[in-house]
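# Coordinates in review
Here is how the chains run, residue by residue.
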Amino acid sequence: MNETRLPGFGTLCIHAGQEPEPVTGAVSVPIFQTSTYAQDALGTPRAGFEYARSKNPTRLALEELLASLEGGAAGHAFASGQAATSTLATAHLRSGDHVVVSRCSYGGTWRYFTKVLANFGVAFSWVDTTDLDAVRAAIGPATRMLFVETPANPTMEISDLAALATLAGEASARAGAKVRLVIDNTFATPFFQRPLALGADAVVHSTTKYLNGHSDSIGGAIVSATAEDGARIAFVQNAAGAILSPFDSFLVTRGIKTLAVRMRAHDENGRAVAAFLAVHPAVKRVFYPGLPSHPQHALASRQMSGFGGMVSFDLGSPEAVPAFFGRLKLCTIAESLGGVETLVGQPATMSHGSVPPDERAARGITDGLVRLSVGIEDVDDLLADVARALEGE
Ligand SMILES: *Cc1c(COP(=O)(O)O)cnc(C)c1O
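If you're wondering where the values come from, they're calculated on a predicted model, not measured in any experiment. (Residues numbered from 1 in each chain as written. Predicted model: local features only at pLDDT ≥ 70, side-chain atom pairs only at ≥ 80, totals over all residues. Heavy atoms only, no water.)

### Considering the pairing of strand β3 (residues 74-78)
Burial runs high along β3: five of the five residues are buried. Side chains of β3 alternate between two faces, with Ala74, His76 and Phe78 and Gly75 and Ala77 buried alike. By the bridge criterion, five bridges tie β3 to strand β9 (residues 220-224) in an arrangement that is antiparallel. Within β9, the residue paired with alanine 77 across the bridge is alanine 221. (Buried < 20%, exposed > 50% of the residue type's maximum accessible area, 1.4 Å probe, protein only. Helix = DSSP H or I, 4+ residues; strand = E, 2+ residues; numbered from the N terminus. Pairing = 2+ DSSP bridges.)

Here you go:
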């Protein structure tokens, strides 16, 4: 074995941050269900742990794992993806700042930015971040963050990470202040896309989705490119307190152990389902970055190593959606995505219900649009279920 060889991604998923527990040798990091830690003498905590909001060994093991997978300096885990986004925003923004946000961001991001953070003097421009000229035009002297989701929910738009990092760098130089590029990497996961390696300053995740992967935990994460930014996030994580619990930290860590295996299977099934839908007469349009018909297929192929299991498609009319849903037997109608089981939803009334109708229309989120989170069941069973539901049997 060549000693300088770096471990592969699948190996990191299993081992990064996961040393056997020193007291008992437990191979799985235990759930440290404690709020506080004994001090050997006043001001002398035994192993650096004092109070579990600040630091907990189960969460710490997950945070080291997340930092390793995204190639960042520090990872932090939160009670939800939204808790991660809100912590990131309050850590790096202040009143008077301006943020350029992907027009097609997650509905909850839209809600938090427009209905909460806007009340604190932060301004937002909702921009098609696949259009670099539009991003350039939206950046002003007060801009301090580009918040970009790619692939973006639910039309699977792809924004150019390296080009956006260049724009953020130029904007920083002009402003004489850091303009951070933040990527919501929930859909791709670090298995398919590593934004920090392409110049992003931070990555946010809803670990609820692919990272945990089993639809049994709500959580979020931030991975910061630099130790300075990581320290700021740690400070706000402790100050604001939206931490991930020890049990959920254990679940997400366990989920990530199979991330590489699961993502390969999601990708394989996602490609098969997208190819099937693309030629089906009942389907008006399919949104999947792996299809050559996708407007950013070339870019997706360049900056991602796979396309995953998220497939949206237009049935052409709102009436077709409940009919299609009603005939599905294997796919479950539910919010959320990224679990081992296939879930199906109508973005207009579910994930993007909080986005006003005119905004939805501008983003191509029609009432006939269906979003599939393709799971890792046997693909023939999935195709049969979707075919039967489309064909009205
Ligand atoms: C679900 C989701 C979020 C929010 O995460 P929660 O864990 O539900 O709070 C943010 N971004 C994307 C892309 C998501 O899919």
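### Quick notes on helix α9 (residues 246-257)
Given a rise of 1.5 Å per residue, twelve residues ought to cover 16 Å, and the 17 Å separating the end C-alpha atoms of α9 matches this to within 8%. On the buried face of α9, the contacting elements are α1 (9-15), α2 (57-70) and α10 (259-278). (Expected span 1.5 Å × (residues − 1). Contact = heavy atoms within 4.5 Å.)

### A look at the side chain of serine 206
Relative to the helices and strands, serine 206 is located in strand β8 (residues 202-206). Serine 206 sits in the buried class, given a relative accessible area of 12%. Once residues lying within four places of it in the same chain are set aside, the contact partners of serine 206 are Gly81, Thr186, Gly219 and Gly220.

### Some words on the pattern of salt bridges
For the structure on display, the rule yields eleven salt bridges. Close ionic contact of aspartate 40 with arginine 46 constitutes a salt bridge, the shortest N to O distance being 2.7 Å. When its relative accessible area of 60% is taken as the criterion, arginine 46 is described as exposed. We note a salt bridge from glutamate 157 to arginine 103, for which the minimum N-O separation is 2.9 Å. (Salt bridge = Lys/Arg side-chain N within 4 Å of Asp/Glu carboxyl O.)

### Some thoughts on the sheet that holds strand β6 (residues 143-149)
The strand order β3-β9-β8-β7-β6-β4-β5 describes an open sheet built from seven strands, whose pairing is mixed. Edge positions in the sheet fall to β3 and β5 (123-127), since each has one partner strand and no second. Neighbouring strand axes in the sheet, compared pairwise and without regard to direction, differ in orientation by 20° on average. Looking at chain direction, β8 and β9 are connected through five bridges and run antiparallel. Looking at the pairing, histidine 205 lines up with alanine 221 of β9. This element, helix α4 (residues 107-115), spans β4 (98-102), β5 and β6 of the sheet and lies at about 145° to β5. This element, helix α6 (residues 161-175), spans β6 and β7 (180-184) of the sheet and lies at about 150° to β7. (Axes fitted to C-alpha atoms, helices over the stretch in contact; angles between N-to-C directions.)

### Thoughts on the nonpolar core
Judged by nonpolar contacts, the single largest core of 76 residues is most densely connected at Leu181, Ile256, Leu277, Val286, Phe313, Phe324 and Leu372. Viewed by domain, this core spans two of them, domain 1 (9-256) and domain 2 (263-391), each represented by three or more residues. Beyond its immediate stretch of four places on either side in the chain, isoleucine 256 contacts Cys13, Leu62, Leu65, Leu66, Leu69, Leu211 and Arg262. If you look at the next biggest cluster of nonpolar residues, it comprises 22 residues, including Phe78, Leu93, Val99 and Phe124. (Core = buried A, V, L, I, M, F, W, Y, C linked by side-chain atoms within 4.5 Å. Domains from an automatic or database assignment.)

### With respect to the domain arrangement of the chain
Segmenting the chain into domains produces domain 1 (9-256) and domain 2 (263-391). The distance between the C-alpha centroids of domain 1 and domain 2 comes to 26 Å. Taken together, the contacts link 34 residues of domain 1 with 40 residues of domain 2. For the pair domain 1 and domain 2, the summed buried surface comes to about 3000 Å²; carbon and sulfur atoms form 62% of the total. Put simply, domain 1 and domain 2 have one salt bridge between them. Between arginine 302 and aspartate 160 there is a salt bridge whose closest N-O contact spans 3.8 Å. At the level of secondary structure, the elements contributing two or more residues to the side of domain 1 that touches domain 2 comprise α4 and α7 (189-192). (Buried area = accessible area lost by both parts, 1.4 Å probe.)

### A look at the environment of isoleucine 233
Mapped onto the secondary structure, isoleucine 233 falls in helix α8 (residues 227-240). Taking the C-alpha atoms as reference, isoleucine 233 lies 33 Å from glutamine 296; in sequence the two are 63 residues apart. Ignoring any residue separated from it by four or fewer positions in sequence, one finds isoleucine 233 in contact with His76, Phe78, Thr87, Leu88, Ala91, His92, Ile222 and Ser224.

### Focus on α10
The end-to-end C-alpha separation of α10 is 27 Å, in line with the 28 Å expected for 20 residues at 1.5 Å each. Taken as a whole, α10 has its buried residues at Leu259, Ala260, Arg262, Met263, His266, Asp267, Asn269, Gly270, Val273, Ala274 and Leu277.

### Some words on the packing of helix α3 (residues 81-92) against α8
Viewed as axis vectors pointing N to C, α3 and α8 meet at an angle of 115°, and their least axial separation amounts to 9 Å. It follows that α3 is roughly perpendicular to α8 by the angle criterion. Every pair of crossing elements has a handedness; the one defined by α3 and α8 is right-handed. When α3 is examined against α8, the residues Thr87, Leu88, Thr90, Ala91 and His92 are found in contact with a partner set consisting of Asp229, Arg232, Ile233, Val236 and Gln237. Residue composition of the contact of α3 with α8, by class: four nonpolar, four polar and two charged. (Parallel < 35°, antiparallel > 145°, perpendicular 65-115°, else oblique. Left-handed = near helix turned anticlockwise from the far one by under 90°. Nonpolar A, V, L, I, M, F, W, Y, C, P; charged D, E, K, R; others polar.)

### Observations regarding the pairing of β5
Taken together, the five bridges between β4 and β5 define a ladder with parallel strand orientation. Bridged to valine 99 within β5 is phenylalanine 124. A crossover connection joins β4 to the parallel β5 through α4; in handedness this β-α-β unit is right-handed. (Right-handed = clockwise from strand over helix to strand, strands pointing away.)

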